[in-house]
Amino acid sequence: MRAPDRVPVEPALVARFRKDFERVRPLGSTERLALAVSGGPDSMALLALAAAAFPGRIIAATVDHRLRVAAADEARMVAEWCAAQGIAHATLVVDDAIGSRAVQGRARDRRYALLRDWAAAAGATCLATAHHADDQAETFLMRAARGAGVAGLGGIRAHQQLGAIALIRPLLGWRVAELRALAVTHALPFVDDPSNADPHYERTRFRALLRDTPWLDPLQIARAAAHAAEADATIRGMEDWLWQTRRSPTPNRHPGLVPGTTAVHEQHPHDVRHGGCRDAPGMTGAGGVVIDLDVADLPRELKRRLARRAIHAVRAAHALTTPAFTDSANIEPLLDALEAGKTATHAGILVAVRDTLWNFAPQPPRHSH
């Protein structure tokens, strides 16, 4: 499409977008905004809105995961539209094979890593994605079906840090139908990803549930997710304070285990949960440290959060990468044992109970006889 052919976005929509964006994170007058644009109708709508709201200050990138032959053509489509509008565009290609298991999760991890590095190299401070209210509603229902707690029900966060880059989702209050209508009305080129209709994926099945159940309002579900995210942020503030006041690092009783860098800590350099052992003064040395947590009078939710944080921290300090441990791991059996006064292990960490103290240390290596 030639630049003169573009239908200008209505001022009311641009004003709405700018207000929604700046409610999440105001964009400084000299800051550059990076956009993740897949070529779907929602991301093309984001591109058009951002170009109108912040003219001359945006750059865009499309990630080719090498999962579909057509992906290269879709990236070229976005690049051509950007060139016609004078917007710098990059196509980012995933180098290694994603595989055939947990495809969407693996693709997401590689996509964000590429986008983060590209945005930083280009001098951008913010990266925006086109997640919308329908995405948020799907995420909320998926996590509710798995029994998620308040952190999981918070869903897609409007603002997160991706290393030094602010990751912004300014369209969480917009319906997917609105964005598609905007793309059609303004003659934006777009392609529908066939994986979005593949029932093999869990998200697709929940998308169909929302589509076929009119009394489930995605905007209202998205609001519930936002309330959960607010509650999670409040509890996280309490967690941060308790981590500073209830945590006592002590010398490691297993000097054969030496601290070091880990992939987890390198991937999350700004998340103190992954470096609590190593980053505090006096917490490194021969054999590293263990952590004592005083859990006296704490409700289970705060015990749960502090236990996760301690496991992350001890694993990071001792370069433990196996077995795998993520924030979605089920630690309820561990909490049950600890609250009953029993020693237990989880993810390579031995947790012992002494009165109101929970002691987190690397699980000693097993010796064969």
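Residues numbered from 1 in each chain as written. Predicted model: local features only at pLDDT ≥ 70, side-chain atom pairs only at ≥ 80, totals over all residues. Heavy atoms only, no water.

I'd like a description of the overall build of the chain, backed by residues and values.
Broken down by element type, the chain carries twelve helices and eleven strands. In the chain, which comprises 369 residues, the proportion classed as buried is 45%. Restricting to contacts in the chain with at least 6 residues of sequence separation, those with at least 24 account for 71%. Of the roughly 18,200 Å² of accessible surface on the chain, 55% is carried by carbon and sulfur atoms. (Helix = DSSP H or I, 4+ residues; strand = E, 2+ residues; numbered from the N terminus. Buried < 20%, exposed > 50% of the residue type's maximum accessible area, 1.4 Å probe, protein only. Contact = heavy atoms within 4.5 Å. Areas by Shrake-Rupley, 256 points an atom, 1.4 Å probe, with all protein chains shown as cover.)

Please give an account of the environment of Val314 that cites residues and values.
Along the chain, the position of Val314 falls in helix α11 (residues 300-317). You can call Val314 buried: its relative accessible area is 0%. Distance in space between the C-alpha atoms of Val314 and Phe360 is 7.2 Å, their sequence separation being 46 residues.

Quick rundown of helix α5 (residues 133-145)? Include the residues and the values.
Taking 1.5 Å of rise per residue, 13 residues should cover 18 Å, and α5 covers 18 Å from first to last C-alpha, within 8% of that figure. Residues of α5 that are buried include every one of Ala133, Asp134, Asp135, Gln136, Ala137, Glu138, Thr139, Phe140, Leu141 and Met142, and no others. Buried-residue contacts for α5 involve α6 (150-153), α7 (176-185), α8 (202-212) and α9 (218-245). Within two residues after α5, Gly147 carries a phi angle of roughly 80 degrees, on the positive side. (Expected span 1.5 Å × (residues − 1).)

Could you give an account of the environment of Arg175, naming the residues involved and the relevant values?
Its place among the elements puts Arg175 in the loop between β6 (165-168) and α7. By relative accessible area, which is 26% here, Arg175 ends up partly exposed. Along the primary structure Arg175 and Leu219 are separated by 44 residues, whereas in three dimensions their C-alpha atoms are 7.4 Å apart. Look past the residues within four positions of Arg175 in its chain and what remains in contact with it is Ala133, Asp134, Pro218 and Leu219.

Tell me about the nonpolar core, and name the residues and values.
Ranked by size, the top nonpolar core spans 36 residues in total, and within it Phe17, Leu33, Leu35, Leu47 and Ile58 carry the most contacts. Elements with a contribution of two residues or more to this core: α1 (11-24), β1 (33-36), α2 (41-53), β2 (58-64), α3 (71-85), β4 (126-128), β6 and α7. With nine residues, the single largest contributor to this core is α2. If sequence neighbours within four positions are ignored, Leu33 has contacts with Phe21, Leu27, Ala50, Phe54, Arg57, Ile58, Ile59, Cys126 and Ala128. Among the nonpolar cores identified, the runner-up in size contains 28 residues, and Leu293, Phe325, Ala329 and Ile331 belong to it. (Core = buried A, V, L, I, M, F, W, Y, C linked by side-chain atoms within 4.5 Å.)

Which residues make up unusual backbone geometry, and what values do they have?
For the peptide bond that leads from Thr322 to Pro323, omega is -5 degrees, which places it in the cis range. With respect to the helices and strands, Pro323 occurs in the loop between α11 and α12 (332-339). Located in the positive-phi region is Asp297, a residue other than glycine, with phi close to 65 degrees. For Asp297, a relative accessible area of 81% gives the class exposed. Backbone geometry places Ala347, a non-glycine residue, at a positive phi of 55 degrees. The topology assignment puts Ala347 in the loop between β9 (344-346) and β10 (349-354).

None of the figures reported here should be taken as evidence of function without further support.
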